[in-house]
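Structure assessment
What follows is each chain in one-letter form.
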Amino acid sequence: MLSLNDPLLLKTQLFINGEWVDGGSGSSFPIVDPATGLQICEMTSGNKNDVNFAVHCAQNAMQKWRQTTAKNRAEILKHWYALVMENIDDLALILSAEQGKPIAEAKGEIQYGAAYIEWFAEEAKRVYGDIIPSNNANQRLLTIKQPIGVVAAITPWNFPNAMITRKVAPALAAGCAVVVKPAEATPLSALALAELARRAGLPKGLFSIVVGVDAIEIGKALTDHSLVRKLSFTGSTKVGKLLIKQCADSVKKTSMELGGNAPFIVFEDADIDKAVQGAMASKFRNAGQTCVCANRFLVHSSIYQEFTDKFVEQAKKLKVGNGAKENVTVGPLINASAVQNVHSLVLDAQKNGAIKVMGGEATELGENFYLPTILTHVTPAMRIFNEEIFGPVAPIVAFDTEEQALELANATEAGLASYLYTQNYARIWRFSENLENGIVGVNEGIISSEVAPFGGIKESGNGREGSKYGIDDYVEIKYVCMGGI
Ligand code: ADP
């Protein structure tokens, strides 16, 4: 059992219209700690009837909410933010237990997730329209921004807290209501957030959560519902494409945060120690399970050996284990099939000539763990160059010229994050402009923040989360033309 200061934050029911209820399917399923394999609790499973009811209540609740002042909405969001920060220890315990990441990282996620609530509380007050100079003297033209309608959010298991706040906070700030379907492996963080939003005074129906084992049924109910006007999804590219298709029938607006394949480019003039520091942070955070994790290290051949040696030296200091234990820096992967997938990429690379410098093996810690792994002599022909690894494996590719580095970096359908280490400012500009990614980290391995726009191009998706642009995804622009003036 989790030892929480406030045991009432551990919820095992759906949250619909401000109430904790059992799911319509009548069944339940276990939520398991990936580090120990032990059951944390039994979770009730929702179905399409729960979705339909939650959307109906959301639509009702929104009618009042959209009429409130932005200041009023901001006050409730700020209260929610304060409660999240007050309960950070409990929230981190819940997160670490269901997801596996070390407690220190879990706390980092709670702070990061809360920062979006605070940010959008502030942004709520800045949803400005325009007065447009007219080309007809008798007219006045203006725009107003209005809440888009009921929002559906489908979120993944790798950031069970922050992926909720990144969507729910801007939606509420804009005046919308949200129905969330969190990942079935990690619903507890989402439910705890809903409980804190309730305590913060958020009116009922504005933030509902439907958890269920049948993601397809729940997803379909959300995308089929005519009252849902927007879907915000974070997850795999495969599921994202499917959901875009499902949304086409009722022409819903979508925001998609899909898979990445981030290049991490190190030039010969880079500060190699800083590059290694950035590589460690970018690659091994959350055991490599983030969509902005460096997926391919492209290193100039003249410093290839030095970079690799220093990277290995640092990676050997990582401590793999149960994230609840002190000093552990790499927790388990989410489940055994994730481990098998990562391992199959390593085996394919080795079969095709890659050299394993460290890791790449099972460990007696259990079937959900994978050791930090570094591979050299990786080439674009290998699966690992082309697929998102989502595990603690760093494949290193050599390049000789700037042109070659850019070509390798862009040789993917994904376009989320990229990283670049060099001291040459002209090259920094060239790469910042020519890399086909939504995010470029220059001499920096950690790039995500609530004040900056997060999102991808190409098959990594559309829409931006955070920043002054983040709220745009939740509003419609209405143009008003006033004649006879
Ligand atoms: P991952 O590989 O990271 O688990 P997924 O895209 O499979 O990524 O999952 C992300 C979210 O999408 C989860 O909440 C999952 O339950 C949900 N999901 C998976 N398949 C579907 C689907 N067909 N329709 C709607 N939601 C889905």
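Residues numbered from 1 in each chain as written. Predicted model: local features only at pLDDT ≥ 70, side-chain atom pairs only at ≥ 80, totals over all residues. Heavy atoms only, no water.

This brings us to empty space enclosed by the protein. For the structure on display, the rule yields 1 cavity of 30 Å³ or more. Its boundaries defined by the atoms lining it, the largest cavity holds a volume of some 30 Å³. Along the walls of the largest cavity sit Gly260, Asn261, Ala262, Gly288, Thr290, Cys291, Cys293, Asn295, Glu388 and Phe390, which together make up its complete lining. Looking at the lining of the largest cavity, its residues break down into 4 nonpolar, 5 polar and 1 charged. (1 Å grid on protein atoms, 1.4 Å probe; cavity = no way out; pocket = protein on both sides within 12 Å on 5 of 7 lines; lining within 4 Å. Points joined across faces, edges and corners; volume = space filled by probe spheres on them. Nonpolar A, V, L, I, M, F, W, Y, C, P; charged D, E, K, R; others polar.)

As a further point, take the pattern of salt bridges. This structure, assessed with the given rule, holds 22 salt bridges. We note a salt bridge from Lys167 to Glu465, for which the minimum N-O separation is 2.9 Å. One end of the pair, Lys167, is in helix H5 (residues 162-174); the other, Glu465, is in the loop between strand S19 (461-462) and strand S20 (475-482), with 298 residues separating them in the sequence. Among the residues examined, Glu465 registers a relative accessible area of 5% and is labelled buried. The network of salt bridges with common partners includes Glu268, Asp269, Glu402, Arg427 and Arg430. (Salt bridge = Lys/Arg side-chain N within 4 Å of Asp/Glu carboxyl O. Helix = DSSP H or I, 4+ residues; strand = E, 2+ residues; numbered from the N terminus. Buried < 20%, exposed > 50% of the residue type's maximum accessible area, 1.4 Å probe, protein only.)

A few words now on unusual backbone geometry. When glycine is set aside, most residues are seen to have a negative phi, and most peptide bonds are trans. Despite not being glycine, Val251 shows a phi value in the positive range, around 50°. At Asn286, a position not held by glycine, the phi torsion is positive, near 55°. For Asn286, the location among the structural elements is in the loop between helix H9 (272-284) and strand S13 (294-300). Judged by relative accessible area, which is 2%, Asn286 ranks as buried.

A few words now on the confidence of the model for the protein chain. With 100% of its residues at a pLDDT of 70 or more, the protein chain has an overall mean of 98. When the elements of the protein chain are averaged for pLDDT, helix H11 (residues 336-351) gives the smallest value, 97, and strand S7 (residues 150-154) the largest, 99. (pLDDT = per-residue confidence, 0-100.)

For strand S17 (residues 417-421), a buried count of 5 out of 5 residues is recorded, marking the element as mostly surrounded by other parts of the structure. Because side chains alternate across S17, one face comprises the buried residues Ala417, Tyr419 and Tyr421, and the other comprises Ser418 and Leu420, equally buried. Bridge analysis of strand S12 (residues 262-266) against S17 gives 3 bridges, and the strand direction is parallel. From the neighbouring strand, Phe264 faces S17, where its bridge partner is Tyr419. In this sheet, strand S18 (residues 439-442) lies alongside S17 in parallel orientation, the contact comprising 4 bridges. In the sheet register, Tyr419 faces S18, and the bridge partner there is Gly441. (Pairing = 2+ DSSP bridges.)

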